[in-house]
Amino acid sequence: MVRPNRLDTPRRRPVWRPSIQSRMLASVRRALGRVTFAGFTRAVVVLVLASLLPYLCREVFRDSIIIEPFSVPKRFEDVGLSGEVLANRIGDAMRRIEVSAKTDVTKDSLSTMRDERSIPNVEIPGTKIELKTLIQIAQAILGRHPQHVSGDVVISVATGSCPATEQLDVTVYVTRGRDRSSVPRFSVPGGEADSLPQAAAEMILRQVSPYILAVYKYDHREFTSSIEIAERIAEDPN
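Rules used in this analysis
- Residues numbered from 1 in each chain as written.
- Predicted model: local features only at pLDDT ≥ 70, side-chain atom pairs only at ≥ 80, totals over all residues.
- Heavy atoms only, no water.
- Helix = DSSP H or I, 4+ residues; strand = E, 2+ residues; numbered from the N terminus.
- Buried < 20%, exposed > 50% of the residue type's maximum accessible area, 1.4 Å probe, protein only.
- Contact = heavy atoms within 4.5 Å.
- Expected span 1.5 Å × (residues − 1).
- Salt bridge = Lys/Arg side-chain N within 4 Å of Asp/Glu carboxyl O.
- Pairing = 2+ DSSP bridges.
- Axes fitted to C-alpha atoms, helices over the stretch in contact; angles between N-to-C directions.
- Parallel < 35°, antiparallel > 145°, perpendicular 65-115°, else oblique.

Participant: Tell me about the overall build of the chain, and please be specific about residues and values.
Facilitator: Regarding its fold elements, the chain presents nine helices and five strands. Taken from N to C terminus, the helices and strands of the chain fall in the order α-α-β-α-α-β-α-α-β-β-β-α-α-α. For the chain, buried positions account for 30% of its 238 residues. Restricting to contacts in the chain with at least 6 residues of sequence separation, those with at least 24 account for 55%.

Participant: An account of helix α7 (residues 196-208) is needed here, citing residue identities and associated values.
Facilitator: Residues that lie three or four places apart on an α-helix share one face, since the helix turns once every 3.6 residues. In this model α7 runs 18 Å from its N-terminal to its C-terminal C-alpha over 13 residues, within 8% of the 18 Å that 1.5 Å per residue would give. Here α7 has its buried residues at Leu196, Pro197, Ala200, Ala201, Glu202, Met203, Ile204, Leu205 and Val208.

Participant: Explain the pattern of salt bridges to me, using residue names and the numbers behind them.
Facilitator: This model, assessed by the stated rule, comprises six salt bridges. Members of the salt-bridge network, linked through shared partners, are Glu202, Lys217 and Glu222.

Participant: Tell me about the pairing of strand β4 (residues 166-176), and please be specific about residues and values.
Facilitator: Sheet topology note: the strand β3 (residues 147-157)/β4 ladder contains eleven bridges and is antiparallel. Of the residues in β4, the one forming a bridge with histidine 148 is threonine 175. When β4 meets strand β5 (residues 179-189), the two strands line up antiparallel, connected through nine bridges. In the sheet register, glutamine 167 faces β5, and the bridge partner there is proline 189. Taken together, β4 and the strand that follows it, β5, pair antiparallel across an intervening segment of two residues, in which glycine 177 is found at a positive phi of about 65 degrees.

Participant: Which residues make up the packing of α7 against helix α8 (residues 210-219), and what values go with them?
Facilitator: Orientation of α7 relative to α8, taken along the N-to-C sense of each, is 130 degrees, at an axis distance of 6 Å. Classified by the angle between their axes, α7 and α8 sit oblique to one another. Across the interface between the two elements, Gln198, Glu202, Leu205, Arg206, Gln207 and Val208 from α7 touch Pro210, Leu213, Tyr216 and Lys217 from α8.

Participant: So what's going on with unusual backbone geometry? Residues and values would help.
Facilitator: Positive phi, close to 60 degrees, is recorded for arginine 221, a residue that is not glycine. With respect to the helices and strands, arginine 221 occurs in the loop between α8 and α9 (223-235).

Participant: Can you break down the pairing of strand β1 (residues 64-67) residue by residue, with the values?
Facilitator: In β1, alternate side chains face the same way, and those of Ser64 and Ile66 on one face and Ile65 and Ile67 on the other are all buried. Sheet analysis places β1 next to β3, joined by three bridges and oriented parallel. Residue pairing for β3: isoleucine 65 is matched across the bridge by glutamine 147.

Geometry only, nothing functional implied.
So, in structure tokens, the structure goes:
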């Protein structure tokens, strides 16, 4: 009787030893069994924050100017020129100036309250903190406050004119964090209210981005004004 060669006999796994796949599945089940709801929630929060990190950094470190509604006479509101409409027109005028200025200098990110309201504000899963609130907290900690621009328009009588004529006196305020400064007050004739947004936009840029305004004036061949702004920058580079 010929005995079979042991080398030719296929080796079989003992029935009491589980396969590698079975052991891997069992390890996964045990790991999942140890995960608590709180741990799962923390993991979700970490993943969400990691995915939002590029957006958060961009929002925290960008130089932004928010144009808030202006205070306007009731006469303006009656014809549809409300404070928010005026702010939108001023913001549009500032954008046109910055776009047309031929320079590679980084330009501000302009937005109005209308733009700010259009940004969805979502709550971060697993927390009671909204995304905008988180951005504001980070900005406050790092001192990266956006600049808020507001102002008021008052109707007055031009002095020294005969007969007496009305004029629009405009005061603009620039606020950054707790610091507030006012742009030099300017006036436009009462019958030229349409020129007010452009005049206000130039006065605001003279305060917050004078180099951009100087380039814009130069491109439009307003050399005297461009030189005056450049000299002001040289005297006070900050």
